[in-house]
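Fold and contact review
Letter by letter, the chains look like this.
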Amino acid sequence: MTEGRPGAVASASLWEREEEVATLEGAITALRADSSTSGTLLVLSGEAGLGKTALLAEVRRIAESNGCAVWSARGGETVTSVPFNVVRQLLQPALVSLLPEEAREYLGDWYDIAGPALGIAEPGDRQPDPQGVCDGLVAAVRRLAKRDWPLVLLIDDAHWADQETLRWLAAFAERLDDLSVLVVVARRPGGVSGESARLLDAVAAAGRPVSTLTALTPAATEGLTRATLGEHADAPFCREVWAVTGGNPYETVELLAKVQDSELEPVEGSAAELRDLNRSARGRGLVARLEGLGIDATRFAWAAAILGTGISLDLAAQLAGMPDEEASRCAELLGAARILTTAGSAGGQPPDGELEFVHPLIATAVYRSIPDALRTAMHGQAAWAVTESGRGAAAASRHLLEVHPDDDPELVEQMREAAREHLAVGAPDAARRCLERALKEPPLPEVHAQVLYELGCATLLTAPSTTIGHLRAALERPGLEDTARVDAVFRLSQALLHNNQLDEAVRTVDAEVERLEPGAARMRLQAVHYMWEGIHAGEERAGHSSGLAELVTTCTGRDNSERALLILRGFDAMTRGENAEEVVELCDRALVNGRLAPGLAWTDTEWGVELLLMLGSAYAYTDRLDRAESLFSEALHAYVKAGWSGGHLSLANAYLGLAHRRRGRLADAEHYQRESLRLAERVGRGLPLYWSATCGLIDTLLARGHVQQAAEIAERYGFAPPYPSTIVLPDTRSVRGRLLLAVGRTKEGINELEAAEKAAAARGHHNTVLAPWAVDLAKALANEDPSRAAALAGDARRQAERFGTDTAIGEALRCAAALETGQRAVRLAAQAVTYLEASPCQYEHAAARIEYGIASRSVMELNKGLTLARTCGADGLVAKAEAALTGL
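Chains are numbered independently. Their residues run from 1 in the order of the written sequence. Totals for whole chains, interfaces and linings use all residues, but because this is a predicted model, local features are given only for residues with pLDDT of at least 70 and pairs of side-chain atoms are given and counted only at 80 or more. The side-chain values count all of the structure's non-hydrogen atoms but skip hydrogen atoms and water molecules.

Details of the overall build of the protein chain
Strands are runs of DSSP state E lasting at least 2 residues, helices are runs of H or I lasting at least 4, and numbering of each runs from the N terminus. Along the protein chain, the regular secondary structure elements total 45 helices and 8 strands. The principal-axis extents of the C-alpha atoms in the protein chain amount to approximately 115 × 70 × 50 Å. Under the scheme applied here, a residue whose accessible area is under 20% of the maximum for its type counts as buried, over 50% as exposed, and between as partly exposed, the area being computed with a 1.4 Å probe on protein chains only. Each of the 888 residues in the protein chain was classed as buried or not, and the buried ones make up 57%. In this description, contact between two residues means that some pair of their heavy atoms is separated by no more than 4.5 Å. Counted over contacts in the protein chain with a minimum sequence separation of 6, partners at least 24 positions apart contribute 68%. Calculation of accessible area relied on Shrake-Rupley with a 1.4 Å probe; when residues are assessed, cover is drawn exclusively from the protein chains displayed. Split by element, the accessible area of the protein chain, about 35700 Å² in all, is 49% carbon and sulfur. Here the protein chain contributes 89 positively and 122 negatively charged side chains, and the mean placements of these two sets differ by 6 Å. The convention is simple: Lys and Arg are positive, Asp and Glu are negative, and His and the chain ends are not counted. Think of each charge as sitting on NZ of Lys, CZ of Arg, CG of Asp or CD of Glu.

This is the structure in structure tokens:
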């Protein structure tokens, strides 16, 4: 654990660790045997001083002696607020060996996403998605690990790792199946809470516990004592060593070193002195020993403890207020006293000249020994020194977090700048801490509202309820004007919506509309009003459609507010089943030369993703599937390029899957929808995007004829009432009703479809393709209530003809044919084929062909339908056609 000791002492903490060492050796042997094997994660757990660090040092020794590359990092008690601290340490050996162009080549598309978090690239213009940064770090380590195989990753004191590193580690642990790498994590049990505790538990669940370390037995302590001090150490002395240390390996090693330093005879007569010697190794005793080295050494040690990590000699000297020569002397003195050592002396590759504490227990004791007032002042000095060294506001912010509020406008600006730097690399939690600290200062009245607004923006994705309070407070204060105020109102309404407070979201927007003069800002918020109402799944609000239609009559699409209103009107008209050609004309007017206007792109934040999803959906359900697919593909590529791999990417996959489902490319649809559901799981269950992923996948599986799989997905992901307060495409009740019918739960299926009927009537939704409950309900009621079934089919046909798309009319004719027999059924089925042959929806075309072939007993039509069904990947239709052909 310390340098320059006899061999037995150097390996002292490995006493009674033979089983753990054997496990670790076996893992290294397995790693080296085959580069195609799965990776391994091992977790060492134990209280402070029980030998975790020594075991990691032994892993390094064994791994390097066997030709493995080793990367290592350590968490720190005083630096848990520094984002990406530990993962940056871990990657230093790989990064320092690469030129910038080499790093870009290895990391590929992830360079611009993960590079800023790793400190090897400048942040981009857009705020990155934290989940995307996490995925980029996973990809970075995976790619570099393949280059450096066989590779061992060591993480010590993981309980003190920053939250961003823990999020990366938890994600990385899930991806070890196809990457041959050994990860060894050491941590203390307990000691953390909240998100960090959850992430540590996830890491532990993904790994294999090597051992929960325990104290040395009396016999092991006796053996260690004699191996260190000589065989002449008598039994009473050895028993006292165990008694005063409690068998703690770290304390035992330090105590025996002090026995050697004091030239104390290891005999029973000297045993009484052991307790005093042991007290000097920890707590106040260690502090007293430090103070015994002199005031200069103590000041230097305090400065090192304040810095915590990246302890450079010059920075510590500056903080301690001493010349470099005096600082070097103090560092040597503290090294001889086994308090400080050269960073990486166990084999790492830190920046030149950096120091670290010999053990975390020493660092903690020294830090806590600094008088409170002085510690606070030194953090303030450290912030100044770090800033002056050119490391930036973010690096200084962890020190400023410890400074007492003092009405300092400069500190407020430093924390705002630090927050911007944290957001730019994908660390919103760190930004939140900085802005919350800025508010405590407090800010000057003229910037107070701005700080609250910035804090609200920082918490929007992670804590909508907290965001609401911040943004409301910002809007109540003077200081937000013009565009900033409108943005704040928009973001507040978003937060209220995400917090299931739709009515309040609309009222908030309306109140601001009333105070604005006519113009672009007012029109933007009017569009937001209709957007939130448009995605609400409850009863239609009085005057919604008529008010929107009236507002759009003056819109030419000259700016994005007008374009937004055109999109909203087009989407509303589509859901209501109005003429499809008019819907398309409205949507086309919202484009600029057939493309999204500047400021309305998928990664622009002025309007949010909901508006563009409405645009694509309007095209998807008016048979303009080429345009819908193009839009959703553009979304997917934009989010991947920007590293937005959370909710936005989940929605992009879901809606691209929807476009493929509408086209009849069912295998492709299933692929995208399963990826959407995987991403939605990471964001959290219960959100609208989660419902979109689940509902779309179940709909596609039913179309493929994979009923059992659809039922399993529904059970696993809770696809049942209560439904979300925002609308989901495809319609949830229609899909669930169809699923219940498919699994034989007919009565429940009918009830669900009747509930879909009521919900659609309350919303004014009459698009028979968007919410096809009527078609499925008519078929389900054909035997028990044929008159009602006929009425439903007739209404569906009238609505379809009003809407006017080939798909809607063809599907209504399929329904009508299913309720008839004889030549009338044949004629209706033939008409359905005619319409659906002109439709871009190949699955429905295949189904119509097969149904027409069965009704007309036509081998030719059945074969045509069978070919189409195979192309679509509709296994259920394939089986149906093959069975019909066999029966002819």
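Some details on the sheet that holds strand β5 (residues 208–212)
Paired strands, in this sense, are two strands between which DSSP finds at least two bridges. Strand order in the open sheet made by the 5 strands is β2-β3-β4-β1-β5, with parallel pairing throughout. Looking at which strands have only one partner, the edges of the open sheet turn out to be β2 (69–74) and β5. When the angles between neighbouring strand axes are averaged without regard to direction, this sheet yields 15°. Looking at chain direction, strand β1 (residues 40–45) and strand β4 (residues 182–187) are connected through 6 bridges and run parallel. Bridged to Leu 42 within β4 is Val 184. In this analysis an axis means a line fitted to C-alpha atoms, helices contributing only their contacting stretch, and an angle means the value between N-to-C directions, from 0 to 180 degrees.

Quick notes on the pattern of salt bridges
A side chain of one charge can pair with a side chain of the opposite charge when the charged atoms of the two come close. Salt bridges, as used here, are contacts in which a Lys or Arg side-chain nitrogen is within 4 Å of a carboxyl oxygen on Asp or Glu. Applying the stated criterion across every chain, the model contains 60 salt bridges. The shortest N-O distance in the salt bridge between Arg 558 and Glu 562 comes to 2.8 Å.

Describing the confidence of the model for the protein chain
Overall, the predicted model of the protein chain reaches an average pLDDT of 89, with 97% of residues at or above 70. pLDDT measures how confident the predictor is about each residue, on a scale from 0 to 100. A low-confidence stretch, residues 1–10 (pLDDT under 50), is modelled with 22 contacts involving residues beyond four sequence positions or located in other chains. In this model, residues 345–351 is a region of pLDDT below 50 whose contacts with residues beyond four sequence positions or in other chains number 12 contacts.

Some words on the environment of Asp 157
Locating Asp 157 in the fold gives a position in the loop between β3 (151–156) and α8 (163–173). For Asp 157, a relative accessible area of 3% translates into the label buried. Distance in space between the C-alpha atoms of Asp 157 and Gly 136 is 24 Å, their sequence separation being 21 residues.

Some remarks on the sheet that holds strand β6 (residues 311–312)
Reading across the sheet, the 3 strands line up as β6-β8-β7 and stay open at both edges, with antiparallel pairing between neighbours. Each edge of the sheet is formed by a strand with only one pairing partner; in this case those strands are β6 and β7 (340–342). Relative to strand β8 (residues 354–357), β6 is paired through 2 bridges, and the arrangement is antiparallel. Each bridged residue has a counterpart across the sheet, and for Ile 311 the counterpart in β8 is Leu 355. Packed onto the sheet, helix α15 (residues 295–307) meets β6, β7 and β8 and runs at close to 90° relative to β8.

Here we look at the packing of helix α23 (residues 445–459) against helix α25 (residues 482–498)
One way to put it is that α23 packs onto α25 with a least axis distance of 11 Å and a crossing angle of 40°. Accordingly, the angle class assigned to the pair α23 and α25 is oblique. Judged by the twist between their axes, the crossing of α23 over α25 is left-handed. Every residue of α25 that contacts α23 at Gln 450, Tyr 453 and Cys 457 is listed here: Ala 484, Asp 487, Ala 488 and Arg 491. Our angle categories are set so that under 35 degrees counts as roughly parallel, over 145 as roughly antiparallel, 65 to 115 as roughly perpendicular, and the remainder as oblique. Crossing chirality is assigned from the near helix's rotation relative to the far helix, an anticlockwise turn below a right angle marking it left-handed and a clockwise turn marking it right-handed.

Things to note about the state of the cysteines
Counting rule for disulfides: a pair of cysteine sulfur atoms within 2.5 Å. In the structure shown here, the tally under the stated rule is 0 disulfides. With no disulfide of its own, Cys 587 lies 13 Å from the sulfur of Cys 555, the closest cysteine sulfur. The class of Cys 587 is buried, set by a relative accessible area of 0%.

Side note on the packing of helix α20 (residues 393–400) against helix α21 (residues 409–424)
The geometry of α20 relative to α21 is characterised by a closest axis approach of 8 Å and an angle of 125° between their N-to-C directions. By the angle class used here, α20 and α21 are oblique. The crossing of α20 and α21 is left-handed. When α20 is examined against α21, the residues Ala 393, Ala 394, Ser 397 and Leu 400 are found in contact with a partner set consisting of Leu 411, Gln 414, Met 415, Glu 417, Ala 418, Glu 421 and His 422.

Quick notes on the pairing of β8
In terms of strand pairing, β7 meets β8 through 3 bridges, oriented antiparallel. Residue pairing across strands places Thr 341 opposite Glu 356, the latter belonging to β8.

A closer look at helix α34 (residues 666–683)
Between the first and last C-alpha of α34 there are 25 Å, a value that for 18 residues agrees with the 26 Å anticipated at 1.5 Å per step. Those residues of α34 lying buried are Leu 666, Ala 669, Glu 670, Gln 673, Ser 676, Leu 677, Leu 679 and Ala 680. Residues of α34 that are buried sit in contact with α33 (647–663), α35 (688–704), α36 (707–716), α43 (842–856) and α44 (859–872). Once α34 finishes, Gly 684 follows within two positions and takes phi at roughly 135°, a positive value. To estimate the expected span of a helix, count its residues, drop one, and scale the result by 1.5 Å.

Examining the packing of aromatic side chains
Whether two aromatic rings pair depends on their centres lying within 6.5 Å, for rings of Phe, Tyr and Trp, where Trp uses its six-membered ring; planes under 30 degrees apart make the pair stacked, over 60 edge-to-face, and the rest tilted. Enumeration over the complete set of coordinates arrives at 9 aromatic pairs. Here the aromatic rings of Trp 168 and Phe 172 are separated by 5.3 Å at their centres, their planes lie at 20°, and the arrangement is stacked. Linking Trp 168 with Phe 172, this pair stays in helix α8, spanning 4 residues, or about one helical turn. When its relative accessible area of 1% is taken as the criterion, Trp 168 is described as buried. A centroid spacing of 6.3 Å and a plane angle of 80° characterise the contact between Trp 602 and Tyr 639, whose relative ring orientation is edge-to-face. With Trp 602 in the loop between α30 (580–589) and α31 (609–620) and Tyr 639 in helix α32 (residues 625–642), this pair connects stretches of sequence that are 37 residues apart. Here a set of aromatic residues connected by ring pairs shows up, and it is made of Trp 602, Phe 632, Tyr 639, Trp 644 and Tyr 655. Two conditions define a charge sitting above a ring: the NZ of Lys or the CZ of Arg must be within 6 Å of the ring centre, and it must be within 35 degrees of the ring normal. Against the face of Tyr 367 rests Arg 375, its NZ or CZ located 5.3 Å from the ring centre. Residue placement shows Arg 524 over the ring face of Trp 607; its charged tip is 5.7 Å from the ring centre.

Quick look at the environment of Gly 51
Note on placement: Gly 51 falls in the loop between β1 and α3 (52–65). Sequence-wise, Gly 51 and Asn 248 are 197 residues apart; in three dimensions their C-alpha atoms are separated by 8.3 Å.

A closer look at helix α29 (residues 560–575)
Residues lying three or four places apart along an α-helix face the same way, a consequence of the helix completing one turn every 3.6 residues. Look at α29: 22 Å from first C-alpha to last across 16 residues, which is about the 22 Å you get at 1.5 Å a residue. Of all 16 residues in α29, 16 are buried, a share of seventy percent or more. In protein, a polar contact means a hydrogen-donor-capable atom and an acceptor-capable atom, both N or O and within 3.5 Å, with residues adjacent in sequence counting only if both atoms are side-chain atoms; elsewhere, any N or O pair within 3.5 Å suffices. The N-terminus of α29 is capped by Asp 559, whose side-chain oxygen sits 3.2 Å from the backbone nitrogen of Ser 561. At the exit of α29 stands Gly 577, carrying a positive phi of roughly 75°.

Thoughts on the pairing of β4
β4 sits mainly inside the fold: 6 of its 6 residues count as buried. Along β4, one buried face is formed by Leu 182, Val 184 and Ala 186 and the opposite face, lined by Val 183, Val 185 and Arg 187, is buried too. Bridge count between β3 and β4: 4 bridges; the pairing is parallel. Paired with Leu 154 across the strands is Val 184, a residue of β4. Handedness of a crossover is defined as follows: with both strands directed away from the viewer, a clockwise route from the first strand across the helix to the second makes it right-handed. Handedness of the crossover joining β3 and β4 through α8 is recorded here as right-handed.

Remarks on the nonpolar core
Definition of nonpolar core: a set of buried residues of the types Ala, Val, Leu, Ile, Met, Phe, Trp, Tyr and Cys, connected through side-chain atoms within 4.5 Å. Core analysis: the largest hydrophobic core is formed by 179 residues, its most contacted members being Phe 300, Phe 357, Val 366, Trp 532, Leu 565, Trp 602 and Ile 698. Those residues in contact with Val 366 that sit more than four places away from it in its chain are Leu 286, Leu 290, Ala 301, Trp 302, Ala 305 and Phe 357. If you look at the next biggest cluster of nonpolar residues, it comprises 51 residues, including Leu 90, Leu 107, Leu 153 and Val 185.

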